[in-house]
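Here is what each chain is made of, one letter per residue.
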Amino acid sequence: MIGAFGAFLRGLLALGFGLALWQGVVWASGVPSFILPGPARVAESLWANAAMLAQNARFTAVNLLTGLAAGVALGVATALNLALSPGARLLLRPMLIFAQAVPVFALAPVVTLWLGYGAPSKIVMVMLVIYFPVTSAFFDGLMRLPAPLADMAQLMRATPVRRLIWMQVPHALPSLASGLRLAVVYAPFAVVIGEWVGSSRGLGYLMLMANGRGQTDLMFASLVVLAALSLILFLTFETIIGRLARPGRKGRVG
Amino acid sequence: MTAPGLHLHGDLWLETAPLIRNLALDFPAGRWSCLLGSSGVGKSTLGRLIAGLPGPFRLQGACRSSDGVSLRGQVAMMAQDGQLLPWASVLHNVTIGARLRGDKPDTARARALLAELGLVGMAHRRPGTLSGGQRQRVALARTLIEDCPVVVLDEPFSALDAATRLAMQDLAARMLATRTVVLITHDPLEAVRLADRAWLLSSGGAEALDLPATAPPPRSYCDDATLAMQARLLARLQGMQAA
């Protein structure tokens, strides 16, 4: 308990230091506030535009989570399919490797062209960006079953599907977790880029609009909300993973 | 379940080089035989061959069971590391074979075996929380529940401390008494305690040494006949090393 409180205090201290540094730079350099607003001014803007920020943050968050869920589902399904079917491996794996070499962010204009300015293009951007890391991390884990376990499965005359369920999937869960960690980090980038390319709502849209109007404080306020959103997403994920991977957990199976 | 004997003859090749030439091995039905020889001579390769596992080796010859039935699905294997699933409970580990085949896991039998092997109350523990000896007993329970007439043991006890190893040898000898067991080992004492026949492997072939059946396995480690035989085996292994 004291440890958690101590960590909280340390975090608060670091935050305070960062804010002080920021304000110090603003004072010392004397830059006008439309170039770099101080933290107090950004806080003011946060407060004044709370309703608008919340509304746009909601749009961004919903697309982010929808894209995340769909991308993870698609990636997991692809990896399972590839692990089960040598034919699928032959056809799809080179494509997967090639697709990883394409900077997916560069596809944002095309996606917007095809799917319009609404939510679908943002969701698809998130899916595209996280699909490959999730698929390849999980697939690698599935294929890297230790040789002794593979021998055992063969001696016990395992069917391919049951071998997958009882051996490969549990063995690959840590790999899937590292793929998901990447997904959780990339997804906010993807959704904001989707909004930058073409949108009439969302935090990314708000940032572009505020920038265009010289409302730098509002732009920074949007950025703060976006950072908070990413941080909450990441911490939630880490908490869930930490719970699941806690050592000494009682046998759930059997 | 009547265990068949095994007969294996021919040349064993590893990739493109001959590993052991002129093999002619007999494993009597329902008895323990052991494979001895220096490291790298091909003991584990022979074990994999008998179990029907894949590898970069090939037998120019044949491996047959005495009853003419295919060995596929008849061989269980237990190795040094136990190969337990680290994420699954002890009970789940013991019944994994049935799960992998899509049969209903016989948890009652699994619990009975665990009790017989001295693992009462550990059914829901994870392998990581067990000692090395306990883990090997779980692996033994998993091997036993498969009910295979032929069992290959690839140095199953070599990572255990001396006292635990003796206890495990007693347990395995009792539990696997009616099966045809191929024991791969480095340890002459283990060979003398458990096996009725020892095969000394070298690149030129295999030589049979019948171990004195003064008593049924597991033989006492302090018995004169056992100790004399152990000394003889050690001398032979030392001679092979020098050659």
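About the thresholds
- Residue positions are counted from 1 within each chain, in the order its sequence is given.
- Chains carry letters from A onward and ligands carry numbers from 1 onward, assigned in written order.
- In view of the model being predicted, local features appear only for residues whose pLDDT reaches at least 70, and side-chain atom pairs are presented and counted only at 80 or more, with totals across whole chains, interfaces and linings using the full set of residues.
- The side-chain values count all of the structure's non-hydrogen atoms but skip hydrogen atoms and water molecules.
- UniProt positions are given in the numbering used here, feature names are shortened, and annotations may be inferred rather than shown by experiment.
- Numbering of helices and strands runs from the N terminus, with a helix taken as a DSSP run of H or I at least four residues long and a strand as a DSSP run of E at least two residues long.
- Only protein chains enter the accessibility calculation, which uses a 1.4 Å probe; a residue is then buried when its area is under 20% of its type maximum, exposed when over 50%, and partly exposed in between.
- Our arc is simply the arc of the directions from the helix axis toward the C-beta atoms.
- The criterion used for residue contact is that any of the two residues' heavy atoms lie within 4.5 Å.
- A 1.4 Å probe that fits into a set of points on a 1 Å grid over the protein atoms alone but cannot get out defines a cavity; an open set with protein on both sides within 12 Å along at least five of seven lines defines a pocket, and lining residues are those with an atom within 4 Å of a point.
- Grid points are joined across faces, edges and corners, and a volume is the space filled by probe spheres set on the points.
- Criterion used throughout: strands pair if DSSP finds at least two bridges between them.
- To get an axis, a line is fitted to the C-alpha atoms, and for a helix only the part in contact is used. The angle between two axes follows their N-to-C directions and goes from 0 to 180 degrees.
- Any pair of nitrogen or oxygen atoms within 3.5 Å is treated as a polar contact; in protein, a donor-acceptor pairing is required on top of that, and neighbouring residues in sequence qualify only through side-chain atoms on both sides.
- In this description, buried area is defined as the sum, over both parts, of the accessible area (probe of 1.4 Å) that is lost when the two are combined.
- Salt bridge, as used here, is a side-chain nitrogen of Lys or Arg placed within 4 Å of a carboxyl oxygen of Asp or Glu.
- Each patch is built from residues lacking any salt bridge and having more than 30% relative accessible area; the joining distance is 9 Å for like charges and 5 Å for nonpolar side chains (Val, Leu, Ile, Met, Phe, Trp, Tyr).
- The Shrake-Rupley method, run with a 1.4 Å probe sphere, supplies the accessible areas, and residue values consider only the shown protein chains as cover.

1. Side note on the UniProt feature "domain: ABC transmembrane type-1" (unreviewed entry) in chain A
Here comes step 1: This chain's UniProt record puts "domain: ABC transmembrane type-1" (unreviewed entry) on residues 53–237 of chain A.
Here comes step 2: Taken as a whole, residues 53–237 of chain A contains 86% helix and 0% strand, while its terminal C-alpha atoms sit 24 Å from one another.

2. Some thoughts on helix α5 (residues 108–115) of chain A
All names here are of chain A.
Here comes step 1: Residues A108, V111 and T112 constitute the buried set of α5. Buried residues of α5 fall within an arc of 100 degrees about the axis and therefore sit on the same side. Projecting away from the buried face of α5 at angles above 90 degrees are the exposed residues L113 and W114.
Here comes step 2: Close packing links the buried residues of α5 with α6 (119–143) and α8 (160–197).
Here comes step 3: Remark: G116 follows α5 within two positions and exhibits a positive phi of approximately 85 degrees.

3. A few points about empty space enclosed by the protein
Here comes step 1: This structure, assessed with the given rule, holds one cavity of 30 Å³ or more.
Here comes step 2: Approximately 130 Å³ is the volume found for the largest cavity.
Here comes step 3: Forming the boundary of the largest cavity are 13 residues, of which A:M152, A:L155, A:M156, B:A76 and B:M77 lie nearest the centre.
Here comes step 4: Elements with a minimum of two residues in the lining of the largest cavity: α7 (147–155) of chain A together with β5 (75–79) and α5 (132–145) of chain B.

4. Focus on the sheet that holds strand β4 (residues 57–65) of chain B
Residue and element names in this part refer to chain B.
Here comes step 1: Spatially, three strands are ordered β2-β1-β4 in an open sheet, and the strand pairing comes out antiparallel. The sheet is open, and its two edges are formed by β2 (17–27) and β4, each paired on a single side. Pairs of neighbouring strands in the sheet enclose a mean axial angle of 5 degrees, with direction left out of account.
Here comes step 2: Relative to β4, strand β1 (residues 6–14) is paired through nine bridges, and the arrangement is antiparallel. When the bridges of β4 are listed, H7 appears paired with R64.

5. Quick notes on the sheet that holds strand β6 (residues 150–154) of chain B
Residues and elements named next belong to chain B.
Here comes step 1: In space, the six strands of this open sheet follow the order β5-β6-β7-β3-β8-β9, with mixed pairing throughout. The open sheet is flanked by β5 and β9 (205–210), the only strands paired with a single partner. Taken over all neighbouring pairs, the strand axes of this sheet differ in orientation by 20 degrees on average, direction set aside.
Here comes step 2: Pairing geometry for strand β3 (residues 32–36) and strand β7 (residues 180–184), over four bridges, is parallel. Following the sheet pairing, C34 is matched in β7 by L183.

6. Some thoughts on the side chain of A:D151
Here comes step 1: Within the element layout of this structure, A:D151 appears in helix α7.
Here comes step 2: Classification of A:D151 as buried rests on a relative accessible area of 14%.
Here comes step 3: For A:D151, the side chain forms a polar contact with the side chain of B:R48, separated by 2.6 Å.
Here comes step 4: Every residue in contact with A:D151, bar those within four places of it in the chain, is listed here: B:R48 and B:L53.

7. Examining the interface of chain A and chain B
Here comes step 1: In this assembly, 23 residues from chain A lie in contact with 27 residues from chain B.
Here comes step 2: Carbon and sulfur atoms make up 63% of the surface buried where chain A meets chain B, a total of about 2,300 Å² over both sides.
Here comes step 3: Together, A:L155, A:M156 and A:W166 form the three largest contributors to the area buried by chain A at its contact with chain B, with a combined 29%.
Here comes step 4: Counting the contacts that link chain A with chain B gives one salt bridge.
Here comes step 5: Between B:R48 and A:D151 there is a salt bridge, with its nearest N and O atoms 2.6 Å apart.
Here comes step 6: One can count three residue pairs in polar contact (both at pLDDT 80 or more) joining chain A with chain B.
Here comes step 7: Contributing elements (two or more residues each) for the side of chain A that touches chain B: α7 and α8 of chain A.
Here comes step 8: In terms of residue count, α7(A) provides more of the side of chain A that touches chain B than any other element does, seven residues in total.

8. Points about unusual backbone geometry
Here comes step 1: Residue B:P218 follows B:P217 across a cis peptide bond; omega there is -5 degrees.
Here comes step 2: Take B:P218: it is sitting in the loop between β9 and α8 (224–242).
Here comes step 3: For A:R157, which is not glycine, the phi torsion reads 55 degrees and is therefore positive.
Here comes step 4: Note on placement: A:R157 falls in the loop between α7 and α8.
Here comes step 5: Non-glycine residue B:N22 carries a positive phi angle of around 55 degrees.
Here comes step 6: The topology assignment puts B:N22 in strand β2.
Here comes step 7: What makes B:N22 exposed here is its relative accessible area of 58%.

9. Regarding the UniProt feature "transmembrane region" (unreviewed entry) in chain A
Residue and element names in this part refer to chain A.
Here comes step 1: Residues annotated by UniProt as "transmembrane region" (unreviewed entry) correspond here to residues 61–84, 96–117, 123–142, 172–198 and 218–241.
Here comes step 2: Along residues 123–142 one finds 100% helix and 0% strand; the C-alpha atoms at either end are 27 Å apart.
Here comes step 3: Helix makes up 96% of residues 172–198 and strand 0%, with an end-to-end C-alpha separation of 38 Å.

10. Thoughts on a nonpolar patch on the surface
Residue and element names in this part refer to chain A.
Here comes step 1: On the surface, F98, V102, L107, V110, L113, W114 and L115 cluster together into a nonpolar patch covering about 720 Å² of accessible area.
Here comes step 2: Looking at which element gives the most residues to the nonpolar patch, the answer is α5, with four residues.
Here comes step 3: Within the secondary structure, L107 sits in the loop between α4 (86–101) and α5.

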